[in-house]
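An overview of the molecular structure
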Amino acid sequence: MLLEPTLFLDGVNLVTGPGSGSGKTTFARAVILAIHRAGYTVAAVSVGVEGMVGPRRGCMAGRGRGACWGAADASTGAAAKDSASGPPVVARGRVSAVAGDVFVTPEAYLASDLCEPEILDLVPGASAVGRLAIARARRDGDIVLAGPEDNEHLAWIVRRILEERWAKTIIVDGSLNRITQAAALPDARLFYAVRAERSNYTVMSRAMKYFLHLSNLPRHSNAGAGQPERDDEKSYRVSGPLTQYVIDTIPPGTETIIVRDFSKVFLDESEFLRAERKYRIEVAEKLRFGGFAVSLKGVRKGEFAEIMGADVSGHVVSFDVCAGGQ
Amino acid sequence: MRRDVVCSASAWNFAQMEDVWRHFKPQTPYGRDRVAEKTVYVEPDVLASLYDDVEAFGDFVERLGPDRSRLDKISWHLGRIPRLPVLWGEATTDGQRQSVSGPKDKTYESAVDIFLYKKFLANYSKLCDLVDAKTRDHFALEFKSGDILSLLSLGGSDAETFYISEKYDSRLLEIRNSIAEIGRKIEAKRTRAAETVKETLGIDFSGRDFVTVPRATGLELLKRDDLNSKWHLYIEVNDEYSFIARLVPDSEMLMLESERSKLYETERIIEDAVIADLSERLKAESALVEAYVGIVSRFDLAKSRFELGKKYNLRRPAFVAGDRGRGQEERGIRMVVRQGIFIPLCAECGKMGTKYTPLDIALNRNAAVIFGSNMGGKTVVLKSLLFFQLMAQTGLGVPAASYVTTLFSAIDYVGDRPDTAAKGLSSFGFEVRALSDIVEKAASRTCLVAFDEFAQTTSSREAEALLSSVVSFFSRAQKPCLALFATHFQGLARDTAALYFRMAGLDVAAARRYFGELADSAGAYSLAERIKNINTIMRYYVVPEDAEKGAADADGSDALEVASLLGLDEKILAAARAYRCGAGRGNR
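Below or above, wherever it landed, is the structure these notes cover. Numbering of residues starts from 1 in each chain and follows the order in which that chain's sequence is written. As they are written, the chains are lettered A onward and the ligands numbered 1 onward, keeping that order. Totals for whole chains, interfaces and linings use all residues, but because this is a predicted model, local features are given only for residues with pLDDT of at least 70 and pairs of side-chain atoms are given and counted only at 80 or more. Working from all heavy atoms in the structure, the side-chain values ignore hydrogens and water.

1. Points about the overall build of chain A
- We count a stretch as a helix when DSSP gives it H or I for four or more residues in a row; a strand needs E for two or more, and each element gets its number in order from the N terminus. The helix and strand tally for chain A stands at nine helices and 16 strands.
- When contacts within chain A are restricted to residue pairs at least 6 apart in sequence, those whose partners lie at least 24 apart make up 75%. Any two residues whose heavy atoms approach within 4.5 Å at even a single point are treated as in contact.

2. Concerning the packing of aromatic side chains
- Each pair of aromatic rings taken from Phe, Tyr and Trp, with Trp reduced to its six-membered ring, is defined by centres within 6.5 Å and is described as stacked if the planes are under 30 degrees apart, edge-to-face if over 60, and tilted in the remaining cases. Applying the stated criterion across every chain, the model contains 32 aromatic pairs over all chains.
- Every member of this aromatic cluster is reached through a ring pair, and the members are Y192(A), F211(A), F262(A), F289(A) and F292(A).
- Two thresholds decide whether a charge sits over a ring: the Lys NZ or Arg CZ must be within 6 Å of the ring centre and within 35 degrees of the ring normal. Its guanidinium or amino end placed over the ring of Y500(B), R494(B) lies 5.5 Å from that ring's centre, counting from NZ or CZ.

3. Details of the packing of helix α16 (residues 427–442) of chain B against helix α17 (residues 460–475) of chain B
All names here are of chain B.
- Structural elements are reduced to axes, namely lines fitted to C-alpha atoms, with helices fitted over the stretch in contact, and the angle between N-to-C directions of any two is expressed from 0 to 180 degrees. In contact at an axis separation of 12 Å, α16 and α17 are set at 15° when each is read in the N-to-C sense. Considering the angle they form, α16 stands roughly parallel to α17. Relative to α17, α16 is oriented so that their crossing is left-handed. Judged by residue contacts, F428, L435, I438, V439 and A442 of α16 engage L466, V470, F473 and F474 from α17. In this scheme, roughly parallel covers angles under 35 degrees and roughly antiparallel covers those over 145, while 65 to 115 is roughly perpendicular and the rest are oblique. The sense of a crossing depends on the near helix, which, turned anticlockwise from the far helix by less than a right angle, makes the crossing left-handed and, turned clockwise, makes it right-handed.

4. Focus: the nonpolar core
- By convention a nonpolar core is built from buried Ala, Val, Leu, Ile, Met, Phe, Trp, Tyr and Cys residues, the set being connected through side-chain atoms within 4.5 Å. Under the scheme applied here, a residue whose accessible area is under 20% of the maximum for its type counts as buried, over 50% as exposed, and between as partly exposed, the area being computed with a 1.4 Å probe on protein chains only. By size, the foremost hydrophobic cluster in this structure holds 91 residues, and its most contacted members are F27(A), F120(B), L121(B), Y124(B) and F299(B).
- Ranked by residue count, the leading element in this core is helix α7 (residues 111–130) of chain B, at 13 residues.
- A domain-level breakdown of this core finds at least three residues from each of domain 1 (24–145 + 285–312) and domain 2 (172–256) of chain B.
- Look past the residues within four positions of L121(B) in its chain and what remains in contact with it is F143(B), S145(B), I148(B), L149(B), L152(B), L282(B), V289(B) and Y292(B).
- In this structure, A188(A), L214(A), V265(A) and M308(A) belong to the second largest nonpolar core, which totals 65 residues. An automatic or database domain assignment provides the domain bounds reported here.

5. Details of α17(B)
- Take the residue count of a helix, subtract one, and multiply by 1.5 Å to get its expected span. Taking 1.5 Å per residue, 16 residues should reach 22 Å; α17(B) reaches 22 Å between its end C-alpha atoms and fits that length.
- On its buried face, α17(B) is in contact with β7 (367–371), α16, β10 (447–452), β11 (481–487) and β12 (499–506) of chain B.

6. Section: the sheet that holds strand β13 (residues 256–259) of chain A
Residue and element names in this part refer to chain A.
- The strand order across the open sheet formed by three strands is β12-β13-β14, and the pairing between neighbours is parallel. Two strands close off the open sheet at either side, each with one partner strand: β12 (235–237) and β14 (280–283). Adjacent strand axes in the sheet meet at a mean angle of 25°, parallel and antiparallel pairs treated alike.
- DSSP calls a pair of strands paired once it identifies at least 2 bridges connecting them. Relative to β13, β12 runs parallel, the two sharing three bridges. Paired with Y236 across the bridge in β13 is I257.

7. Observations regarding the pairing of β7(B)
Residues and elements named next belong to chain B.
- Burial within β7 is extensive, with five of its five residues counted as buried.
- Of the two faces of β7, the one carrying A367, V369 and F371 and the one carrying A368 and I370 are both buried.
- Alignment of β7 against β11, held across five bridges, turns out to be parallel. Bridge pairing in β11 places F371 opposite T487.
- Note: β7 against β12, four bridges, orientation parallel.

8. Notes on unusual backbone geometry
Residue and element names in this part refer to chain B.
- Despite not being glycine, A140 has its phi angle at roughly 60°, a positive value.
- With respect to the element layout, A140 can be found in the loop between α8 (133–139) and α9 (146–153).
- Look at H232: it is not a glycine, yet its phi comes out positive at around 55°.
- With respect to the element layout, H232 can be found in the loop between α11 (215–222) and β2 (233–239).

9. Thoughts on the packing of α7(B) against α9(B)
Residues and elements named next belong to chain B.
- One can describe the packing of α7 onto α9 by two numbers: an axis separation of 10 Å at closest approach and a directional angle of 125°. With respect to their mutual orientation, α7 and α9 come out oblique. Note that α7 runs across α9; the crossing there is left-handed. Judged by residue contacts, I114, Y117, K118, L121, A122 and S125 of α7 engage I148, L149, L152 and S153 from α9.

Geometric descriptors of this kind do not, in isolation, establish any biological role.
Right under this line is the structure:
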């Protein structure tokens, strides 16, 4: 079943996940497909480059509207071979765009993008794969998605797309385990992709509970930027990441710790719970959590839902974006 | 001349130039390049041209009157000027294009390069339209590339964007129509196949390349022998609970895709030819474009200098000839500042709620010594003078009612430097080393040097001897120079060729009032309050050394009073006063 597109329309959506193979790219592409099938266009940015493609056109991957969201095997995360008219290339980065879609792509691959791209702007500086262009598809066709590795340039791209009104809906296929990107993007909805297997599903369910707990941390009442380190003797504002070292050096008498947002919490669950027993932990800014994107391997949906509990499973937007049969 | 050639990093830092420099914000990449270079100019004609540019921009703003919409548009277009790629020529070491008209070794550039040229030309032409005739004439802001811009505008849905339009080559229209037609056929076939599979087998692809189906469904499908031949379905195991179903293309679809691939290839060849042609056209325009880069950079810098000038009330300085005498060699140096404001300190005073005293001083000899007690402000005078000079020689203008000065080809600083720690030399060692370098420079260049508490780490007698000698040396330097000394050593030999000043120091009456209050309050003042009070009773202006003292002590030193104000133990202070009056002098 396809995703509900209204969950993602008119805003910035950041997809991240705890590790390689967590299904964030599969989910991001499923979101793009759902939006396309609802008749909307989208802007898509990846962090880094998703695989490589041949420099020449003519590969078999070119398909029209509503085609696949990538040649990768969703079950294994492995990249498929693409029969381009050059040397064999990995095509994991290919995404089907429709006319009007906006995307970020390396200059070197603009000419191999099949969508007749119109160059809208150039991202400042150069990435590991050369200059990055923001482009718009003038017809349906495959593209290579890319993007900068750092938050600053990612935020620049998103800001440009919104300011110029090139797109209303933006999907960012984010970095692994880099929730800090959410804080860099204006009012982004954060989706967290998790892959649960027989060997790790209890660990994963705990990680999801912890993530949800962090995302629900209360907002501090005096949360404006540029506040002093201490609002009063009982509260302590942490300007950077909240680490165990910071916890150990909190001034005596502190009752409330204020972190900028939950992405700045660099504590594992046990450290955090220990800190929470001693202090009330609040955030200056709330990040918008959109939900979990779960992909299951060797685990039944009901079984995983039960171990997660109703609270967490209520935040799952998809258990399998590839599900297509009864 | 670049900053590191004229002005040492230590002088730049001592003058706290970054406090202002970071607000100098041109909008174009070319303007930002100049800012990053931190150029300190020594050529009077170059500086005159910079100040003329700022005035020309200011006149333009004045002619615009209260309506700022045109200025907003100018800012908008300047902010969109991109850095042009190096085409047809070699990049110089500073990243600038040496020449865009040299021999080219590439057959064509990329679409991104063409895009950048289009974006540059589109915004540059708008800028030319937005300024009035006088400003256009002053900056030579003329746009003569209408033809190439019109050509580039054929490809793009707005003034800046770019794609390779069919208008560049009519064959593209036919090819793209064919690609679209094949795309429709492929899409129709895929949709039909997917719908049939959904209706018959219950598998919903919904545009996806593959889907997962429950294990039971997968096993049922595997029993069919027409899965591939009829339904073009491929089934494989996903995990113990599901299978993956994939639609594979039939032979007709493969044929269509193959045909489309060939069209893509042909399209690419034509597009490459279009880019090569556009690139050639741009090459013919290269001399003009190169000129545009210089003009827009100049205009951008004038605008940002003007804005900085408005922010800080900066004025154009007057440069005197120095040793560039007309016919007869001029040996003298002049530096006259009236109501000069050292912006970094003035801002700090504003934050602390204390009063800032502007600087008035006139220097017309090669060496000037400023005496003063601790916290008396003599170091600030040195900082201020270096700051004013750098503001003047970077073309920003000076925050003063008036500033007359000489152009210096070397600006340096000798004194405490945080960057000299742990390099194998003591502070004194570094000072002597720096002094030696400057002495060498002074033989061939017009130097401005600030010596802040030179030799303060050595014994006072030796320090005074050395300092007296250095003052004397610079007073009679081979080339005109200005050596400024701030010191608390009063025992310097006075050289008739040098100037001697002192900070006015404590306001005695106010200090006595404060001491009285202090006694009453029994030490209730915090350190911050004490510092603030010192600021209110200290007179931070420069007077000739022989001016009537009126300061707290006859020796001209306020150090003990300052120590008292800072809360030093009264017994220690009393003993110190006794020593100073002679009771403690002699061997112990």
